[in-house]
Amino acid sequence: MINIAVLGYGTVGSGVVEVIETNKGMVDKKATHKLNVKYILDLRDFPGDPYESKVVHDFNVILNDDSVNIVCETMGGVGAAYQFTKQALEKGKSVCTSNKELVAKHGPELLEIAREHDCNYLFEASVGGGIPIIRPLNYSLTAERIDAITGILNGTTNYILSKMEREGADFADVLKEAQEKGYAERNPEADVEGHDACRKIAILSSLMLGKNVNSEKIFTEGITKITAADFVYAKEAGYTVKLLARAKRLNDDETLAMVAPFLIPKDHPLAMVNDVFNAVFVTGNMLGDSMYYGRGAGKLPTASAVVSDVVDCARHQGKVITCFWDKEDAKLADIGEIEKTYFVRAKISVRQKVEEAFPGGKALTVGRSEDFGYFTGAMKEKEFMAKYEALGEDVLSRIRLI
C-alpha cells in the first residue's frame, strides 16, 4: 500500500482525493499498488465531509509518519508550500504539485533535493492543468531538440479575448462577466497582466533548454490594452489576437522568452483555441510541429494531472525519474534587439506621421472614421518603440505579429 498526504483541501486538493477515490480500481491497477489517502492537511475542519476523519492541522504529523510515501502539494504560494515541500523531500517522500509559482521559482533546487534523497518532485499539473505537456517534454520528445514552444497558457485571458472577438465587447465588460462566472479572480492581475502565463513558460522553457529560466527576467505584457477595435482590424486582415507565451532558441547561446498579445493568422492552429481552453505548440528539429490541447485549469482536470504524477511516483518508489533542469541560468535575448512586424492603430489625424515614422508599411481601413490600422515592416523592437512613443497619445494601440 502507498500512503498519500494531500496538503490543502481547496479546489485542487479536494479534486485529488475525488479522482483517487472515484477511479480507485483503475488508478490502483496503473500504480501497481493500492493508493490510500491517509492525511489531508488544512487549517480548517470539514464537518460532514466524507473524509473529515483524515484532516490534520499539523504538518509534522505527516512529516514524521514514515508510512507516508507521497505528498500532494496543492496549497499554492511560495511560503509554507516551499517549506513543507522541501522538508518532505528531505525525508525521502516524493512530492507531486500543481503549484506553478513554486515550481517556477524553486524548481531546480527542489529537483536536486529529490535526487539526493532518492525520491521525486513531479509537477505535470503546474502547466496547462489537465493537458499532458511536462511528461511529453521529459519522455516522449527526448529524441528531439526542442527549438520553440508557443502556448496559450491562461484560460481566463483566452476566454476574455475570445468573447471580445465574438461579441465586439470591450475588455472591462468581458472581465466583469468572467469574474461573475468564476473564470476570473476578484483580483485578476496575475492573469490579465500575464504573470500566470509567464511562470508557466518559465517552466516549459527551462525543460526545453535544461537550464533555469528565471520568470522574473521574462518580458511580460498583458491584455488590458486590447480593445474591441483591435479585433475589427485583425479580422479584416485575417488575424485574431491571442495572449501567447513564447520560448524560441535563437542560436546555441540565446533564447527569446516572452509573454504578450500577438496577432496570429486565422489558419494557425493556436487561432482555433478559444474560451477557457489552453494549448501548447511545440516545434522539434526532427518531429516538426505538434500541439497539446485541452482544459488548462479547473478542479478535476488539474487534479487528474496531479494524480497522474502520484501514479508515476508509485511505480518508481526508491527510483529517481530523470528531469533535465539544472540550476545554471539560461541566457535570455534582449527583446529590444529582436526584429518583428507590428500592427499600429492610430487616430486618422496622424496618418501621415505614422506613415513617415514607419515607411514601407501597409495601411488598413475598415470604414471607421476615427482611426486607421497600419502594419509596419520588420524592425527591431527598440527602434519601433522609440518611434511609437514619439508619436504620443494619438497612437491608440500596438500589437506584435507572430
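Note that this is a predicted model, so its numbers are computed, not measured. (Residues numbered from 1 in each chain as written. Predicted model: local features only at pLDDT ≥ 70, side-chain atom pairs only at ≥ 80, totals over all residues. Heavy atoms only, no water.)

(A) Molecular detail of the overall build of the protein. Helix and strand counts for the protein come out as 14 helices and 18 strands. Against the globule reference of 21 Å for 402 residues, the protein gives a C-alpha radius of gyration of 23 Å, in line with a compact fold. Along the longest, intermediate and shortest principal axes, the C-alpha atoms of the protein span 75 × 50 × 35 Å. Expressed as a percentage of the 402 residues in the protein, the buried residues total 54%. Accessible surface, the protein: about 17600 Å² in total, of which carbon and sulfur atoms supply 47%. (Helix = DSSP H or I, 4+ residues; strand = E, 2+ residues; numbered from the N terminus. Rg over C-alpha atoms; globule rule 2.2 N^0.38 Å. Buried < 20%, exposed > 50% of the residue type's maximum accessible area, 1.4 Å probe, protein only. Areas by Shrake-Rupley, 256 points an atom, 1.4 Å probe, with all protein chains shown as cover.)

(B) Representation of the pattern of salt bridges in the model. Using the criterion set out here, one finds 31 salt bridges in the structure. Its salt-bridge partner being Glu 124, residue Arg 135 comes within 3.6 Å of it at the nearest N-O pair. Pair noted here: Arg 135 is in helix α6 (residues 134–140) and Glu 124 is in the loop between β6 (121–122) and α6, with a separation of 11 residues, a long-range link. By relative accessible area, Arg 135 is classed as partly exposed at 21%. Among the salt bridges present, the one from Lys 200 reaches Asp 196, with a minimum N-O distance of 2.9 Å. A residue pair is termed a helical-turn pair when its members lie 3 or 4 positions apart in one helix, as Lys 200 and Asp 196 do in helix α10 (residues 195–209) at four residues. Taken together, the shared-partner salt bridges connect Asp 230, Arg 345, Arg 368, Glu 370 and Asp 371 into one network. (Salt bridge = Lys/Arg side-chain N within 4 Å of Asp/Glu carboxyl O.)

(C) The arrangement of the environment of Lys 266 in detail. Relative to the helices and strands, Lys 266 resides in the loop between β10 (255–265) and β11 (277–284). When near neighbours in sequence (up to four residues on either side) are disregarded, Lys 266 contacts Glu 165, Gly 238, Tyr 239, Thr 240, Ala 271 and Met 272. For Lys 266, the side chain forms a polar contact with the side chain of Glu 165, separated by 2.8 Å. (Contact = heavy atoms within 4.5 Å. Polar contact = N/O pair within 3.5 Å; in protein donor to acceptor, adjacent residues only side chain to side chain.)

(D) Structural view of the packing of aromatic side chains. All told, the structure shown has 12 aromatic pairs when counted by the stated rule. Judged by centre distance (4.2 Å) and plane angle (15°), the ring pair of Phe 59 and Phe 84 falls under stacked. Here the residue Phe 59 occupies a position in helix α3 (residues 59–63), and Phe 84 occupies one in helix α4 (residues 80–90), the gap between them amounting to 25 residues. Through a chain of ring-to-ring contacts, the aromatic side chains of Tyr 233, Tyr 239, Phe 343 and Phe 375 assemble into a single cluster. (Phe/Tyr/Trp six-rings, centres within 6.5 Å; stacked < 30°, edge-to-face > 60°.)

(E) Molecular detail of the nonpolar core. Ile 62, Tyr 121, Phe 123, Ile 160 and Leu 204 are the most contacted members of the largest nonpolar core, which totals 95 residues. Per-element accounting of this core gives the leading share, nine residues, to α10. What Phe 123 contacts, discounting residues up to four positions off in sequence, is Thr 97, Val 103, Leu 111, Ile 134, Ile 203, Leu 207, Asp 309, Cys 323 and Trp 325. Of all hydrophobic cores here, the second largest spans 30 residues; its members include Leu 35, Ala 305, Val 306 and Val 310. (Core = buried A, V, L, I, M, F, W, Y, C linked by side-chain atoms within 4.5 Å.)

(F) Layout of the sheet that holds β6. Spatially, β3-β2-β1-β4-β5-β6 is the arrangement adopted by the six strands of the open sheet, whose pairing is parallel. Looking at strand neighbours, the two that pair on one side only are β3 (55–56) and β6, the edges of this open sheet. Relative to strand β5 (residues 94–97), helix α12 (residues 299–315) is tilted by about 160°, and along the sheet it contacts β1 (2–7), β2 (35–41), β4 (68–73), β5 and β6. (Pairing = 2+ DSSP bridges. Axes fitted to C-alpha atoms, helices over the stretch in contact; angles between N-to-C directions.)

(G) Layout of the pairing of β11. Among the eight residues of β11, six are classified as buried, and the element is accordingly described as predominantly covered. One ladder, built from six bridges, connects strand β7 (residues 146–152) with β11; its direction is antiparallel. Paired with Ile 149 across the two strands is Val 282, which belongs to β11. What sits between the antiparallel neighbours β11 and strand β12 (residues 288–295) is a turn of three residues.

(H) Spatial organisation of unusual backbone geometry. Phi angles above zero are rare outside glycine, and Thr 32 is one such case at about 60°. Residue placement: Thr 32 occurs in the loop between α2 (24–31) and β2. The class of Thr 32 is exposed, set by a relative accessible area of 57%. Backbone geometry at Asp 275 places phi at a positive 60°, although glycine is not the residue there. Considering the arrangement of structural elements, one finds Asp 275 in the loop between β10 and β11.

(I) A look at the packing of helix α7 (residues 155–167) against helix α8 (residues 171–180). In contact at an axis separation of 9 Å, α7 and α8 are set at 125° when each is read in the N-to-C sense. When the axis of α7 is compared with that of α8, the two are oblique. Viewed along their axes, α7 and α8 form a crossing whose handedness is right-handed. Residues Tyr 159, Ile 160, Lys 163 and Met 164 of α7 lie in contact with α8, whose contacting residues are Phe 171, Val 174, Leu 175, Glu 177 and Ala 178. Residues belonging to the contact of α7 with α8 are distributed by class as follows: seven nonpolar, no polar and two charged. (Parallel < 35°, antiparallel > 145°, perpendicular 65-115°, else oblique. Left-handed = near helix turned anticlockwise from the far one by under 90°. Nonpolar A, V, L, I, M, F, W, Y, C, P; charged D, E, K, R; others polar.)

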